[in-house]
Amino acid sequence: MNVFRLTGDLSHLAAIIILLLKIWKTRSCAGISGKSQILFALVFTTRYLDLLTSFISLYNTSMKVIYIGCSYATVYLIYMKFRATYDGNHDSFRVEFLVVPVGGLSVLINHDFSPLEILWTFSIYLESVAILPQLFMISKTGEAETITTHYLFCLGLYRALYLFNWIWRYYFEGFFDMIAIVAGVVQTVLYCDFFYLYVTKVLKGKKLSLPA
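As annotated in an unreviewed UniProt entry, the protein carries the name ER lumen protein-retaining receptor and is attributed to Kryptolebias marmoratus. Regarding the protein, the UniProt comment filed under Sequence similarities (unreviewed entry) reads as follows: "Belongs to the ERD2 family."

**Student:** Describe in detail the packing of aromatic side chains, supporting the description with residues and values.
**Tutor:** Aromatic ring pairs: the centre-centre distance and the angle between the two ring planes describe each pair. Counted according to the given criterion, the structure contains 17 aromatic pairs. Each ring, one from F4 and one from W168, has its centre 6.1 Å from the other, and the planes form 65 degrees; the classification is edge-to-face. Taken as a pair, F4 in helix α1 (residues 3–26) and W168 in helix α7 (residues 146–173) lie far apart in primary sequence, 164 residues in all. For F4, a relative accessible area of 26% puts it in the partly exposed group. Exposure remark for W168: the relative accessible area of 33% places this residue in the partly exposed category. Taking the centre distance of 6.4 Å and the plane angle of 20 degrees together, the rings of Y48 and Y67 count as stacked. On the criterion of sequence distance, the pair formed by Y48 in the loop between α2 (34–47) and α3 (58–81) and Y67 in helix α3 is long-range, its members being 19 residues apart. Comparing Y48 with Y67, the two get one shared label, buried. Among the aromatic residues, ring-to-ring pairing joins F4, F164, W168 and F172 into one connected group. We note R169 situated over the ring of F175; from NZ or CZ to the ring centre the distance is 4.0 Å.

**Student:** Break down the side chain of S71 for me, with residues and values.
**Tutor:** Residue position: S71 is located in helix α3. Sequence-distant contacts of S71, defined by excluding residues within four places in its chain, comprise A41 and F44.

**Student:** Let's hear about a nonpolar patch on the surface: which residues, and what values?
**Tutor:** A contiguous nonpolar patch, built from F164, I167, W168, Y170, Y171, F172, F176, M178, V182 and V186 and spanning about 1,100 Å² of accessible area, is present on the exposed surface. Elements with a minimum of two residues in the nonpolar patch: α7 and α8 (178–200). Counting residues per element, the nonpolar patch draws most heavily on α7, at six residues. Relative to the helices and strands, Y171 resides in helix α7.

**Student:** Can you lay out the packing of α1 against α7 for me, pointing to particular residues and giving the numbers?
**Tutor:** When two helices pack together, you describe them by how their axes are tilted relative to each other and by the distance separating the axes. Running from N to C, α1 and α7 cross one another at 165 degrees; their axes reach a closest spacing of 8 Å. In terms of orientation, α1 and α7 fall into the roughly antiparallel class. As for the relative orientation of α1 and α7, their crossing is left-handed in sense. Taken together, the residues of the contact of α1 with α7 break down into 15 nonpolar, seven polar and three charged.

Calculation notes
Residues numbered from 1 in each chain as written. Predicted model: local features only at pLDDT ≥ 70, side-chain atom pairs only at ≥ 80, totals over all residues. Heavy atoms only, no water. UniProt positions renumbered as here; feature names shortened; annotations may be inferred. Phe/Tyr/Trp six-rings, centres within 6.5 Å; stacked < 30°, edge-to-face > 60°. Helix = DSSP H or I, 4+ residues; strand = E, 2+ residues; numbered from the N terminus. Buried < 20%, exposed > 50% of the residue type's maximum accessible area, 1.4 Å probe, protein only. Lys NZ or Arg CZ within 6 Å of the ring centre and 35° of its normal. Contact = heavy atoms within 4.5 Å. Patch = residues over 30% accessible without salt bridge, like charges linked within 9 Å, V, L, I, M, F, W, Y side chains within 5 Å. Areas by Shrake-Rupley, 256 points an atom, 1.4 Å probe, with all protein chains shown as cover. Salt bridge = Lys/Arg side-chain N within 4 Å of Asp/Glu carboxyl O. Axes fitted to C-alpha atoms, helices over the stretch in contact; angles between N-to-C directions. Parallel < 35°, antiparallel > 145°, perpendicular 65-115°, else oblique. Left-handed = near helix turned anticlockwise from the far one by under 90°. Nonpolar A, V, L, I, M, F, W, Y, C, P; charged D, E, K, R; others polar.

This is the structure:
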């Protein structure tokens, strides 16, 4: 554990809490991509199957359970409890264009050709692009609520901090995971335009908007 991984985990947790509180307090999931949330639930489910086979630490296990539980709670709120507020017309990204290629890539490029390892690799690849339906939805509506931008910023910050975590581990632990690093870089790049708009608009009190 290092400071970059810890702050990355806390940023990730903050993003999840911000999203859940936003939906619960407003009693609405307007502006939230249900498809992205389904992808994140799939990411956590396939990544943390080792909960059934190994124990690393209480912190590790607790965070895994929280991520899985919160992801399914978010999906429940969007598609069940507050379904009437869900904007399915704008949440129209074809997720099969992400899941199928990612599935094929995880079979072809992995650390070990075993079921758990392939599923873990699938989760790493999928997480790197899981935010695309949300960004696509924002581009279609042309704007995003401030609280939604805070959620996206924390999510992007988590990935950026994890890149520094990998650098730290390489220099101080001799650990290097090319799959996780490349996927992390791809995911961080996807957030670059959003980071710029967040800093230049949201932090100055303006509403974030993207070209429709």
